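Structural overview
Spelled out from the first residue to the last, the chains are:
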Amino acid sequence: MIATPDRTPLPRAFFDRPVLEVAPDLLGRLLVRTTPDGPITLRLTEVEAYDGPNDPGSHAYRGRTARNEVMFGPPGHVYVYFTYGMWHCMNLVCGPEDSASAVLLRAGEVTEGAELARKRRLSARDDKELAKGPARLATALGVDRSLDGVDACAAGETPLRMLTGASVPSDQVRNGPRTGVAGEGGNGEVHPWRFWAADDPTVSPYRAHVPRRRRS
């Protein structure tokens, strides 16, 4: 039996926990993006945890910068970064202030406002691909750097809000190496901090880290 999604906003206390507790608990939660054309609701199906100064894969590993400033702030805020000169990716800040941990939102199912997401994701072959991958997710929701620092737990009107939804049962949560992140042996297995809902068609395919070739 599938539980009815709860539309209650997630409290800040939900995010004020260790990132490895928050990340799997985000699966099944609802992210609501409010746009001038209407709302888009996304059920999260895949995430990755990044543990700040304790994690070489984290943007905050080497300390505070103008780019990662939001990661050092209060939990429940949105951290958006620009990558490869063309894509945005969205994270939710976790833990106490200055811990700089965050969860990358990798994939989800658009449950409301699919017609709006389709206009942004014209290359998607079907609705399962609208937010299948972190850059696709941000594109489908119209997320860019202008939303960096938004409080997803704020009362009143906000462009991004997290709702309780219906969490994925623990026996349906899978985990493994993060996509494209190196680790011991170059395959990221030392940090199996990617979490996803088992057998969900919106989950993105795993891709191992590929070292960059050095120019001779």
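Structure first, text after, so check above.
Residues numbered from 1 in each chain as written. Predicted model: local features only at pLDDT ≥ 70, side-chain atom pairs only at ≥ 80, totals over all residues. Heavy atoms only, no water.

Secondary structure assignment for the protein yields four helices and nine strands. Listed N to C, the secondary structure of the protein is β-α-α-β-β-β-β-β-α-α-β-β-β in terms of helices and strands. Computed over its C-alpha atoms, the radius of gyration of the protein comes to 16 Å, within 12% of the 17 Å expected for a compact globule of 216 residues. Seen through its principal axes, the protein has C-alpha atoms that stretch 50 × 40 × 35 Å. Looking at the protein residue by residue over its 216 residues, the buried ones come to 50%. For the protein, the exposed surface amounts to about 11,000 Å²; the carbon and sulfur share of it is 51%. Of the charged side chains in the protein, 28 are positive and 27 negative, and the gap between their average positions amounts to 7 Å. (Helix = DSSP H or I, 4+ residues; strand = E, 2+ residues; numbered from the N terminus. Rg over C-alpha atoms; globule rule 2.2 N^0.38 Å. Buried < 20%, exposed > 50% of the residue type's maximum accessible area, 1.4 Å probe, protein only. Areas by Shrake-Rupley, 256 points an atom, 1.4 Å probe, with all protein chains shown as cover. Lys, Arg positive; Asp, Glu negative; His and termini not counted. Charge placed at Lys NZ, Arg CZ, Asp CG, Glu CD.)

Looking now at the packing of aromatic side chains. Two aromatic rings, taken as a pair, are described by how far apart their centres are and by the angle between their planes. Using the criterion set out here, one finds two aromatic pairs in the structure. Aromatic side chains F14 and F15 sit 5.1 Å apart centroid to centroid with 75° between the ring planes, which places their arrangement in the edge-to-face category. The buried category is assigned to F14, whose relative accessible area is 8%. Ring plane angle 40° and centroid distance 5.7 Å describe the contact between Y79 and Y81, whose orientation is recorded as tilted. Residue Y79 shares its accessibility class with Y81, and that shared class is buried. Between R17 and the ring centre of F14, over which it is positioned, the NZ or CZ distance is 4.6 Å. Between R194 and the ring centre of W196, over which it is positioned, the NZ or CZ distance is 4.3 Å. (Phe/Tyr/Trp six-rings, centres within 6.5 Å; stacked < 30°, edge-to-face > 60°. Lys NZ or Arg CZ within 6 Å of the ring centre and 35° of its normal.)

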